[in-house]
Amino acid sequence: MDSPKQNASLQRLQTVEKRIVRVLELAGGLMEEFANPSGPRKELVNNQCSEFMQLIKDIQVTLREEIKSACEYRPFEQCDYIARISNEICCKKVEYVCEKMNEMKETIDEYHGAT
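Cut-offs and rules
Residues numbered from 1 in each chain as written. Predicted model: local features only at pLDDT ≥ 70, side-chain atom pairs only at ≥ 80, totals over all residues. Heavy atoms only, no water. Salt bridge = Lys/Arg side-chain N within 4 Å of Asp/Glu carboxyl O. Helix = DSSP H or I, 4+ residues; strand = E, 2+ residues; numbered from the N terminus. Buried < 20%, exposed > 50% of the residue type's maximum accessible area, 1.4 Å probe, protein only. Expected span 1.5 Å × (residues − 1). Contact = heavy atoms within 4.5 Å. Core = buried A, V, L, I, M, F, W, Y, C linked by side-chain atoms within 4.5 Å.

Visitor: Lay out the pattern of salt bridges in plain terms, naming residues and giving numbers.
Guide: Using the criterion set out here, one finds 6 salt bridges in the structure. For Glu 103, the salt bridge is made with Lys 100, and the minimal N-O distance between the two is 3.4 Å. With Glu 103 and Lys 100 both in helix H3 (residues 81-114) and 3 residues apart, the pair spans about one turn of that helix. The exposure class of Lys 100 is partly exposed, given its relative accessible area of 31%. Where Asp 109 meets Lys 105, a salt bridge forms, and the shortest distance between an N and an O atom there is 3.1 Å. Placement of the pair is Asp 109 and Lys 105 together in helix H3, with a separation of 4 residues, close to one helical turn. By relative accessible area, which is 42% here, Asp 109 ends up partly exposed. Each of Arg 22, Glu 25 and Glu 51 takes part in one network of salt bridges that share partners.

Below you can see the structure in the form of structure tokens.
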């Protein structure tokens with residue numbers, strides 16, 4: 001189930017995606033404007049460049065915040081999986097050592113029985 005924090009994050013990332021599309025549209029529009037045989041219209045170029053730069057700034061800020069938020073997210077912080085696995089491994093080691101000790105005892109008993 002998605003938490004409200006995750007939903008808000010996804011919405012912010014969707015907004016970033018829309019801004020990136022708009023940035024590409026602006027860049028394409030500017031390229032067309034510069035390719036115009038009569039020359040680029042200064043006011044249009046200035047407006048589009050300003051919008052372009054503002055969108056780039058907004059995208060950077062949002063992505064920086066999302067990356068920082070993602071780095072702070074630690075869903076397994078309260079998880080005891082590592083401790084349980086370590087405990088299970090230790091138990092297996094103890095079982096193995098006991099098994100080997102029993103084998104050694106049997107070997108010693110056989111040796112004493114043979115003499």
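So much for the structure itself; the text now carries on.
Visitor: Now, about helix H2 (residues 42-72): what can you tell me, with residues and values included?
Guide: Relative to the 45 Å expected for 31 residues at 1.5 Å per residue, H2 spans 45 Å between its end C-alpha atoms, a close match to the ideal helical length. All of the buried residues along H2 are Val 45, Gln 48, Leu 55, Ile 59, Thr 62, Glu 66 and Ser 69. The inward-facing, buried residues of H2 abut helix H1 (4-35).

Visitor: Let's hear about the nonpolar core: which residues, and what values?
Guide: Of all hydrophobic cores here, the largest spans 5 residues; its members are Val 16, Val 23, Leu 26, Leu 55 and Ile 59. Elements with a contribution of two residues or more to this core: H1 and H2. The biggest single contributor to this core is H1, with 3 residues. Residues in contact with Val 23, not counting those within four places in the same chain, are Phe 52, Leu 55, Ile 56 and Ile 59.

What is shown is where atoms sit, not what they do.
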